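Observations on the model geometry
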Amino acid sequence: MKVLWHGAPKGLITLSVFISTTALAPGAKAADSDATVREAATHFQRGVGLYREADYRSALVEFHRAGELVPAPVTFYNIGETEYQLREYAEALTAFERYLSESAPDEHHRAEVEASVGVLRTRVGLLLVTTVPTTASITVDDRPVGNT
């Protein structure tokens, strides 16, 4: 996938052009693919606007929707930045790690993200839970996080 972008306030990346349909399911029609890419770009741009207004919760919804439609490293970067603003450090760490694994090695935001990952690793702990029965649901702060 090719994504062209430029910097925005608070480190956020705005999407200038969203090109390619290679991330879409094989066999998808070109018209369907183009419509999906346009919809993802619309969600992404809404997310950028909401982020600029400091409506981080709504921005996060838009970035997640864009990422579901067309996964792209730029989206994971913005999700990470938004989660960081919301002080949802575990989620920010996950998004930034995905950004690092999927972005190009020469990406100019890489050093910034690597520094953020270093900070976040000092703020996020790992908790292993063993239960009887073994299929218990686990929630943290009323949010489901998985099953044992």
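Details of the structure are given in the entry above.
These notes cover the structure that comes with them. Residue positions are given per chain, counting from 1 as you read along its sequence in written order. Reporting in this predicted model follows two pLDDT cut-offs: at least 70 for local features of residues, and 80 or more for side-chain atom pairs to be given and counted; totals over whole chains, interfaces and linings ignore these cut-offs and use all residues. Each side-chain value is derived from all of the structure's non-hydrogen atoms; neither hydrogens nor water enter the calculation.

**Description of unusual backbone geometry**
The phi angle of most residues is negative, glycine excepted, and most peptide bonds adopt the trans form. Pro133 follows Val132 through a cis peptide bond whose omega is 10 degrees. Segments assigned H or I by DSSP are reported as helices when at least four residues long, segments assigned E as strands when at least two residues long, and all are numbered from the N terminus. The topology assignment puts Pro133 in the loop between α5 (110-121) and β3 (137-140). In this structure, Asp141 is a non-glycine residue whose phi angle is positive, near 55 degrees. Assignment of secondary structure puts Asp141 in the loop between β3 and β4 (143-147). Here's how the labels work: a residue is buried when its accessible area is under 20% of the maximum for its type, exposed when over 50%, partly exposed in between, all with a 1.4 Å probe on protein chains only. With relative accessibility at 69%, the residue Asp141 sits in the exposed group.

**Remarks on helix α4 (residues 89-102)**
For an α-helix, 3.6 residues make a turn, and residues three or four places apart therefore share a direction. To estimate the expected span of a helix, subtract one from its residue number and multiply by 1.5 Å. For α4, built from 14 residues, the straight-helix expectation of 20 Å at 1.5 Å per residue is met to within 8% by its first-to-last C-alpha distance of 20 Å. Residue contacts are defined here by distance: any two heavy atoms, one from each residue, within 4.5 Å place the two residues in contact. As for α4, its buried residues are in contact with α3 (73-85) and α5.

**Re the packing of aromatic side chains**
Each Phe, Tyr or Trp ring, with Trp reduced to its six-membered ring, pairs with another whose centre is within 6.5 Å; inter-plane angles below 30 degrees give stacked pairs, above 60 give edge-to-face pairs, and intermediate values give tilted ones. Going through the model one piece at a time under the given rule, you end up with 5 aromatic pairs. Relative to Tyr56, the ring of Tyr51 lies with its centre 5.1 Å away and its plane at 65 degrees, an arrangement referred to as edge-to-face. Residue classification places Tyr56 among the buried positions, given a relative accessible area of 13%. Through successive ring pairs, a cluster of aromatic residues spans Tyr77, Phe96 and Tyr99.

**So, the pattern of salt bridges**
A pairing counts as a salt bridge when a side-chain nitrogen of Lys or Arg comes within 4 Å of a carboxyl oxygen of Asp or Glu. A full pass over the atoms with the stated rule returns 9 salt bridges. For Glu39, the salt bridge identified is with Arg65, shortest N-O distance 3.5 Å. In this pair, Glu39 is assigned in helix α1 (residues 30-52) and Arg65 in helix α2 (residues 56-69), connecting sequence segments 26 residues apart. Two residues, Glu88 and Arg57, come together in a salt bridge whose shortest N-O distance is 2.6 Å. Placement of Glu88 in the loop between α3 and α4 and of Arg57 in helix α2 is noted, with a sequence separation of 31 residues between them. The exposure class assigned to Glu88 is buried, which follows from its relative accessible area of 9%. Taking the relative accessible area as the measure of exposure, Arg57 reaches 48% and is therefore partly exposed. One continuous salt-bridge network, built from bridges that share partners, spans Arg57, Glu88, Glu91 and Arg143.

All we've got here are geometric facts, nothing functional implied.
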